[in-house]
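Survey of secondary and tertiary structure
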Amino acid sequence: MSGFDSNPFADPSGSNPFGDPAAGGSATQQVIDEYNPFSRTTDATKKAPESAPRTALPPPQRPFIPPVSQPAIMQPTEAPPAYSAHPGQAVDTSDLQKRQEELERKAAELQRKEQDMRNMQYNNRQNNWPPLPKWCPVGPCFYQDISLDIPGEFQRIVRFLYYLWMFHAATLFLNILGGLAYFIADGGSSGGGVTFGLAILYFVLFTPCSFVCWFRPIYKAFSYDSSFSFMLFFFVFFCQFLVSMFEALGPKSSGFCGFITAFFLFGENPNDNKAARVGAGVFVIIIAGLFAFIAVADFILLVKVHRIYRSTGASFQKAQAEFASGVMKNEHVQDAAAAGVRTAANQAVNQAVSGNRY
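So, here's what we can say about the structure.

What about the packing of helix 8 (residues 227-249) against helix 10 (residues 274-311)?
Taken N-terminus to C-terminus, the directions of helix 8 and helix 10 make an angle of 160°; their axes are 8 Å apart at the nearest point. With respect to each other, helix 8 and helix 10 are oriented roughly antiparallel. Both helix 8 and helix 10 take part in a crossing whose hand is left-handed.

A word on helix 8
Taking 1.5 Å as the rise per residue, helix 8 with 23 residues should run 33 Å; its terminal C-alpha atoms sit 33 Å apart, in good agreement. Along helix 8, the residues that are buried comprise Ser227, Ser229, Phe230, Phe233, Phe234, Val236, Phe237, Gln240, Phe241, Ser244, Glu247 and Ala248. Where helix 8 ends, the next residue or the one after it, glycine 250, has phi of about 60°, a positive value.

Considerations on the packing of aromatic side chains
Enumeration over the complete set of coordinates arrives at 28 aromatic pairs. Centre to centre, the rings of tyrosine 202 and phenylalanine 256 are 4.4 Å apart; their planes meet at 15°, and the pair counts as stacked. Linking tyrosine 202 in helix 7 (residues 192-224) with phenylalanine 256 in the loop between helix 8 and helix 9 (259-267), this pair joins segments that are 54 residues apart in sequence. In terms of burial, tyrosine 202 and phenylalanine 256 fall into one category: buried.

Section: the nonpolar core
Residues Leu161, Phe215, Ile218 and Phe233 are the most contacted members of the largest nonpolar core, which totals 42 residues. Of all the elements in the fold, those that place two or more residues in this core are helix 6 (155-186), helix 7, helix 8, helix 9 and helix 10. At ten residues, the largest contribution of residues to this core is made by helix 10. For phenylalanine 215, the residues in contact, after removing those within four places along its chain, are Gln144, Val158, Leu161, Tyr162 and Ser210.

What to know about the side chain of serine 254
Following the sequence through the fold, serine 254 ends up in the loop between helix 8 and helix 9. A polar contact of 2.6 Å, which involves the side chain of serine 254, links it to the backbone oxygen of proline 251. Once residues lying within four places of it in the same chain are set aside, the contact partners of serine 254 are Thr195, Leu198, Tyr202 and Phe246.

Focus on the packing of helix 7 against helix 8
Contact pair helix 7 / helix 8: the axes reach a minimum separation of 8 Å and the direction vectors enclose 145°. Between helix 7 and helix 8 lies a crossing whose hand is left-handed. Across the interface between the two elements, Phe206, Ser210, Cys213, Trp214, Pro217, Ile218, Lys220, Ala221 and Phe222 of helix 7 pack against Ser229, Phe230, Leu232, Phe233, Val236, Phe237, Gln240, Val243 and Glu247 of helix 8. Looking at side-chain class alone, the contact of helix 7 with helix 8 contains 13 nonpolar, three polar and two charged residues.

Conventions and cut-offs
Residues numbered from 1 in each chain as written. Predicted model: local features only at pLDDT ≥ 70, side-chain atom pairs only at ≥ 80, totals over all residues. Heavy atoms only, no water. Axes fitted to C-alpha atoms, helices over the stretch in contact; angles between N-to-C directions. Helix = DSSP H or I, 4+ residues; strand = E, 2+ residues; numbered from the N terminus. Parallel < 35°, antiparallel > 145°, perpendicular 65-115°, else oblique. Left-handed = near helix turned anticlockwise from the far one by under 90°. Expected span 1.5 Å × (residues − 1). Buried < 20%, exposed > 50% of the residue type's maximum accessible area, 1.4 Å probe, protein only. Phe/Tyr/Trp six-rings, centres within 6.5 Å; stacked < 30°, edge-to-face > 60°. Core = buried A, V, L, I, M, F, W, Y, C linked by side-chain atoms within 4.5 Å. Contact = heavy atoms within 4.5 Å. Polar contact = N/O pair within 3.5 Å; in protein donor to acceptor, adjacent residues only side chain to side chain. Nonpolar A, V, L, I, M, F, W, Y, C, P; charged D, E, K, R; others polar.

Note that every value here comes from positions in space, so none of it alone points to a role or purpose.
Set out below in structure tokens:
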């Protein structure tokens, strides 16, 4: 029962009547004396940074200003290596040398042309074609300088025409030799002598006439831009083309060694002189081929010159006007016209005087 009567929450010191009051009071007083209300605050203040450290506020940031860029200056730390020519870097100056020589040649040619033009202003041009020796009693008849008289864009075709004329003259000379071979192989019984004689006549006649009648007109046409000279060239050169075709055919006893004459030499085979006829026939075929080549070249150049003429805007009416103005400017025509006018005036005066007398 004593166990249930006891109070577990009672103060043990109060329930002990035999306790020492002095010992209890001194202990209570010691606790009161040792209690300091500011000690916890001071300790808490001292221990606060250890338990919860304060974070320092960042300093205010200034706005970013980009720095002013300046050129970088590289200071060489080492001397550059010595330059050594590599075989692959070698420059071929032969092409430049050729171009330099060509430019110098053209400059000399232009200087010569300028000098010739200056001389032409004070002196008349002396004829230089055909280039005959000084001891020859007959002098040159024409002045010809394609590089000086003909514009640069037309010099090529004029040279081709000049070379064609020279080739035609050489072929006519070979035609004489072919006629002679035909005359020897034929024995003078089938027209070989006629062919040989006419071949000489054609060479003497056609060589200068072709130069005067169609080369000189085309030379003047490109030199002075003359429509009348172009028209004269077209007419005569077309006839030259037809004659070249006839020369290539070469009928028997026509004076031309053409394909027909060659077939005649191979076709007829008398008992004597067979080898000579075969050799003459081969030579005549070669000459006929040259005549055929000339005919083709004539046609090609005729077409090219006609295209150039049409591209310049020329016409037949312009050629007629140039012909009329050229005729009226001719001194001989003017003298003849003046003489005719004087004669007519004299006749009219005489008739008037005789009429008044009666």
